Amino acid sequence: MAKVSPKSSNVKTLSAKKRQELANAVAKKLATIYPMPSCALIYHSPFQLLVATILSAQCTDKRVNEVTPVLFERLSQPRDFANASLETIENLIKTCGFFHSKALHIKEASQMIVDSFDGKVPQTMEELVSLPGVGRKTANCVLGNAFGIAEGFVVDTHVIRLSRKIGLSEEKTPEKIEKDLIKLFPEEERVDVSHRLILLGRQYCIARRPKCGDCPLAQTCLKRD
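Residues numbered from 1 in each chain as written. Predicted model: local features only at pLDDT ≥ 70, side-chain atom pairs only at ≥ 80, totals over all residues. Heavy atoms only, no water.

*Asks:* Would you mind going over the overall build of the protein with me for this structure?
*Replies:* The secondary structure content of the protein amounts to eleven helices and zero strands. Going from the N terminus to the C terminus, the protein shows its helices and strands as α-α-α-α-α-α-α-α-α-α-α. Since a compact globule built from 225 residues should have a radius of gyration of about 17 Å, the 19 Å found for the protein is in line with a globular shape. Considered along the principal axes of its C-alpha atoms, the protein spans approximately 60 × 30 × 30 Å. Counting across all 225 residues of the protein, residues that qualify as buried make up 47%. (Helix = DSSP H or I, 4+ residues; strand = E, 2+ residues; numbered from the N terminus. Rg over C-alpha atoms; globule rule 2.2 N^0.38 Å. Buried < 20%, exposed > 50% of the residue type's maximum accessible area, 1.4 Å probe, protein only.)

Next up, the structure:
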């Protein structure tokens, strides 16, 4: 497969064929670097993953993983959160930031799961995004990691940055970037590719100090700003 030169190519001029070749090359290389990727959040049920993902908004996964063991020891099931006071939930998640809104979303989502979904986390995009505090990123994370359903593509800040920099998308919004990535990666690859892009973003393509000289995608990435 011919390489796309990072010096002469721009994502806006790539044909659909060339962009697909770029995506294929990226997926192949990432698979050799991160052969067994997994979700960084620690959870033991789909509901725990849902709560952890809500908590991870504008918060590091490391911090969430420090908070959730104590949280889930106190409150583990949707009914526990639905019956708990907002103050109780807030005190348990306070260090995750934005704890007022996150506590409210978690409590309301838990109540809706109890009332509308028989106490079980729903397994469709439409139903998941109907829950308070749940957007497509959270829904895709839960569907892909808890249920093995890769209807969409998890697009977090790392995936947004890398998709544009590498040349997989010229779009700026998560929704439009997700549409581009869905076209480029088959359903069975989407969960792993998302994890791998996030790992690459954390290890090499760091927002403020990218390690382009050390990055294993240096010869493939278009290096867009």
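Text resumes after the structure shown.
*Asks:* Teacher, can you tell me more about the packing of helix H1 (residues 16–33) against helix H10 (residues 174–184) here?
*Replies:* Packed helix pairs are characterised by how far apart their axes lie and by the angle those axes make with each other. It is the contact of H1 with H10, at a shortest axis distance of 10 Å, that shows an interaxial angle of 80°. On the basis of the axis angle, H1 is roughly perpendicular to H10. Taken together, the residues of H10 that come into contact with H1 (itself represented by Arg19, Gln20 and Ala23) are Asp180, Lys183 and Leu184. A class-by-class count of the residues in the contact of H1 with H10 yields two nonpolar, one polar and three charged. (Axes fitted to C-alpha atoms, helices over the stretch in contact; angles between N-to-C directions. Parallel < 35°, antiparallel > 145°, perpendicular 65-115°, else oblique. Contact = heavy atoms within 4.5 Å. Nonpolar A, V, L, I, M, F, W, Y, C, P; charged D, E, K, R; others polar.)

*Asks:* When you look at the environment of phenylalanine 185 in this model, what are you seeing that I'm missing?
*Replies:* Take phenylalanine 185: it is sitting in the loop between H10 and helix H11 (187–203). Sequence separation of phenylalanine 185 and asparagine 24 is 161 residues, and the distance between their C-alpha atoms is 8.0 Å. Every residue in contact with phenylalanine 185, bar those within four places of it in the chain, is listed here: Ala23, Ala27, Phe153, Leu168, Arg190 and Val193.

*Asks:* Can you walk me through the pattern of salt bridges in this structure?
*Replies:* When charged atoms on two side chains of opposite charge get close, those side chains can pair. Using the criterion set out here, one finds five salt bridges in the structure. Among the salt bridges present, the one from arginine 136 reaches glutamate 178, with a minimum N-O distance of 2.7 Å. Residue arginine 136 is located in helix H8 (residues 136–146), and its partner glutamate 178 is located in helix H10; the two are separated by 42 residues in the primary sequence. A relative accessible area of 34% places arginine 136 in the partly exposed class. For glutamate 178, a relative accessible area of 5% gives the class buried. (Salt bridge = Lys/Arg side-chain N within 4 Å of Asp/Glu carboxyl O.)

*Asks:* What exactly am I supposed to notice about a negative patch on the surface here?
*Replies:* Together, Glu151, Glu187, Glu188 and Glu189 make up a negatively charged patch on the protein surface. For glutamate 188, the position within the fold is in helix H11. Residue class for glutamate 188 comes out exposed when judged on its relative accessible area of 64%. (Patch = residues over 30% accessible without salt bridge, like charges linked within 9 Å, V, L, I, M, F, W, Y side chains within 5 Å. Areas by Shrake-Rupley, 256 points an atom, 1.4 Å probe, with all protein chains shown as cover. Lys, Arg positive; Asp, Glu negative; His and termini not counted. Charge placed at Lys NZ, Arg CZ, Asp CG, Glu CD.)

*Asks:* Is there a simple way to explain the packing of H1 against H11 in this structure?
*Replies:* Interaxial distance between H1 and H11 falls to 10 Å at its minimum, and their mutual angle equals 70°. By the angle between their directions, the pair H1 and H11 is classed as roughly perpendicular. Packed against H1, whose contacting residues are Ala27, Leu30 and Ala31, the element H11 presents Glu189, Val193, Arg196, Leu197 and Leu200 at the interface. Here the contact of H1 with H11 is built from residues that sort into six nonpolar, no polar and two charged.

*Asks:* Before we go on, may I ask you to explain H1 in this structure?
*Replies:* Because the α-helix completes a turn every 3.6 residues, residues three or four places apart line up on one side. Compared with an ideal rise of 1.5 Å per residue, which puts 18 residues at 26 Å, H1 spans 26 Å between its outermost C-alpha atoms and is within 8% of the ideal. Here H1 has its buried residues at Arg19, Glu21, Leu22, Ala23, Val26, Ala27 and Leu30. Taken together, the buried residues of H1 touch helix H9 (157–166), H10 and H11. (Expected span 1.5 Å × (residues − 1).)

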